[in-house]
Amino acid sequence: MSAPDELTANWEKTFTATTAEQTHAFGARLAEVLQAGDLLVLSGELGAGKTTFTQGLGEGLGVRPGIISPTFVLVRIHPNLPDGPRPGGPDLVHVDAYRLGSAAEIDDIDLENTMDSSVTVVEWGHERVEHLSESRLEIDLHRAIGLGAAPAATPGSLDFDAEDTDEPRTIVVRGYGPRWADFPALAGPDGGAAC
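Let us look at the structure shown here. (Residues numbered from 1 in each chain as written. Predicted model: local features only at pLDDT ≥ 70, side-chain atom pairs only at ≥ 80, totals over all residues. Heavy atoms only, no water.)

Now for helix H1 (residues 20–31). End to end, H1 covers 17 Å across 12 residues, agreeing with the expected 16 Å (1.5 Å per residue, within 8%). Regarding H1, the residues found buried are Ala20, Thr23, Phe26, Gly27, Ala28, Leu30 and Ala31. Of the surrounding secondary structure, the elements contacted by the buried residues of H1 are strand E1 (11–17), strand E2 (39–44), helix H2 (50–61), strand E6 (136–143) and strand E7 (169–176). (Helix = DSSP H or I, 4+ residues; strand = E, 2+ residues; numbered from the N terminus. Expected span 1.5 Å × (residues − 1). Buried < 20%, exposed > 50% of the residue type's maximum accessible area, 1.4 Å probe, protein only. Contact = heavy atoms within 4.5 Å.)

Here's what the structure looks like:
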């Protein structure tokens with residue numbers, strides 16, 4: 001399945017999370033509408049909350065806990081737990097593509113074998129993974145501190161700080177392709193984050 005890079009978003013929604021806990025909770029609420037085969041592409045500067053958001057997704061999907069950034073291994077697979085909130089649900093495949101320079105390098109890690117049975121989350125995946133699915137969610141997380149003052153991190157940057165500080169974040173979600181023709185109904189007020 002191919003998705004053209006120039007495909008425009010069907011919709012765009014912006015949310016604000018004022019704490020790391022709210023970023024986590026937003027991920028957990030979004031997980032409720034996700035299913036096997038869904039592709040999420042995460043972007044954001046260092047410390048923006050990409051891993052915190054993915055930890056929330058994992059909790060909502062009911063996968064094995066212990067989600068950390070896959071920076072050094074490129075891919076981590078978190079299996080669905082039979083006694084979790086979604087027994088029999090999809091696994092979570094968490095990818096960090098910052099060191100991968102092209103779609104061809106993405107193909108080398110063979111994500112196609114897990115796409116149908118998993119929710120796949122790719123950090124730093126913009127312009128690298130769009131060919132994996134005709135539909136995707138792109139999620140941009142931005143820290144309030146330093147917005148406009150500091151440049152966004154580049155794919156060659158490393159973020160060794162595992163702590164997520166409590167500062168406001170803007171979360172921009174865009175839906176592409178037929179799976180995301182409309183914004184999904186999320187639990188909680190405004191999808192779990194303030195508008």
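Alright, that's what it looks like, and here's the rest.
Glancing now at the pairing of strand E4 (residues 91–96). By the criterion of burial, E4 is predominantly enclosed, with five of the six residues buried. Bridge count for strand E3 (residues 75–78) against E4 is four bridges, and the pairing is antiparallel. Looking at the pairing, Val75 lines up with Val95 of E4. Where E4 meets strand E5 (residues 118–123), six bridges bridge the pair, whose relative direction is parallel. (Pairing = 2+ DSSP bridges.)

Moving on: unusual backbone geometry. The backbone of Trp124 sits at a positive phi, close to 60 degrees, despite the residue not being glycine. For Trp124, the location among the structural elements is in the loop between E5 and E6.

Now for the packing of aromatic side chains. Across all of its chains, the model carries four aromatic pairs by this definition. When the centroid spacing of 4.9 Å and the interplanar angle of 90 degrees are considered together, the rings of Trp11 and Phe183 count as edge-to-face. Separated by 172 residues along the polypeptide, Trp11 in strand E1 and Phe183 in the segment after E7 bring together distant segments of the chain. Judged by its relative accessible area of 28%, Phe183 is partly exposed. Plain terms: the ring middles of Phe26 and Phe53 are 6.2 Å apart, the flat faces sit at 40 degrees to each other, and that makes the pair tilted. Placement of the pair is Phe26 in helix H1 and Phe53 in helix H2, with a sequence separation of 27 residues. (Phe/Tyr/Trp six-rings, centres within 6.5 Å; stacked < 30°, edge-to-face > 60°.)

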